[in-house]
Amino acid sequence: MASLLYQRADGTERVLEVGEEPLVIGRLDDCAIPIHDTFISRVHCGIAYHDHQFRLKDLSSSNGTYCSGTRIFECTLSPSDRIQLGNTTLVFEIAKGRAVLRQLTSATPGRPAHGITGAMSFPKKQPPP
């Protein structure tokens, strides 16, 4: 088993034990890493540790999980990877031999940062002068 230090955007920290069963990240309060962002699914994605690697897996989320700009279904995490979930950005790092998941942004209203939206709106045409 490995440990992961989770640093929230507000500066609070929590050490989590990571094994082959993923730590679930989602909107539900009983997730291992709860994030209150309306564009994140209740059970969005998970991070597991297997064969000395941290792995990120999408758990059938509505808006997808992105790692360093690419939509993923499962991938191995590398230092400096940016994980985008809705309007929330997390950075995976290795600092002083410890895995760290740092939340850069907190939830904000509006469109998800990766650009997927349910409906598009266009500006109304103005009548000619």
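Structural notes, computed from the coordinates.

Once that is clear, we can look at the packing of aromatic side chains. By the definition in use, this model includes two aromatic pairs. Between tyrosine 49 and phenylalanine 54 the ring centres are 4.7 Å apart and the planes differ by 55 degrees, which places this aromatic pair in the tilted class. For phenylalanine 54, a relative accessible area of 10% gives the class buried. Relative to phenylalanine 92, the ring of phenylalanine 54 has its centre 5.4 Å away and its plane inclined at 55 degrees; by these criteria the two rings are tilted. With a gap of 38 residues between them, phenylalanine 54 in strand 6 (residues 53-58) and phenylalanine 92 in strand 11 (residues 88-95) connect regions that are remote in the sequence. Aromatic ring contacts, followed pair by pair, group Tyr49, Phe54 and Phe92 into a single cluster.

Right, let's get into the sheet that holds strand 1 (residues 2-7). Sheets are built from strands paired through backbone hydrogen bonds, the pairs being either parallel or antiparallel. Pairing in this open sheet of seven strands is mixed, and the strands run 2-1-12-11-10-7-8 from one edge to the other. Strand pairing shows two members of the sheet lacking a second neighbour, strand 2 (13-18) and strand 8 (70-72), which therefore form its edges. Within the sheet, the average angular offset between the axes of one strand and its neighbour, ignoring direction, is 30 degrees. As paired elements, strand 11 and strand 12 (residues 98-103) share six bridges and run antiparallel to each other. Paired with leucine 90 across the bridge in strand 12 is glutamine 103.

Applying the stated criterion to the full structure yields three salt bridges. Between arginine 8 and aspartate 10 there is a salt bridge, and its shortest N-O distance comes to 3.7 Å. Here aspartate 10 falls in the exposed class, since its relative accessible area comes to 55%. In this structure, the salt-bridge partner of glutamate 74 is arginine 55, at a minimum N-O distance of 3.4 Å. Pair noted here: glutamate 74 is in strand 9 (residues 74-76) and arginine 55 is in strand 6, with a separation of 19 residues, a long-range link.

Reading the values: rules and limits
Residues numbered from 1 in each chain as written. Predicted model: local features only at pLDDT ≥ 70, side-chain atom pairs only at ≥ 80, totals over all residues. Heavy atoms only, no water. Phe/Tyr/Trp six-rings, centres within 6.5 Å; stacked < 30°, edge-to-face > 60°. Buried < 20%, exposed > 50% of the residue type's maximum accessible area, 1.4 Å probe, protein only. Helix = DSSP H or I, 4+ residues; strand = E, 2+ residues; numbered from the N terminus. Pairing = 2+ DSSP bridges. Axes fitted to C-alpha atoms, helices over the stretch in contact; angles between N-to-C directions. Salt bridge = Lys/Arg side-chain N within 4 Å of Asp/Glu carboxyl O.

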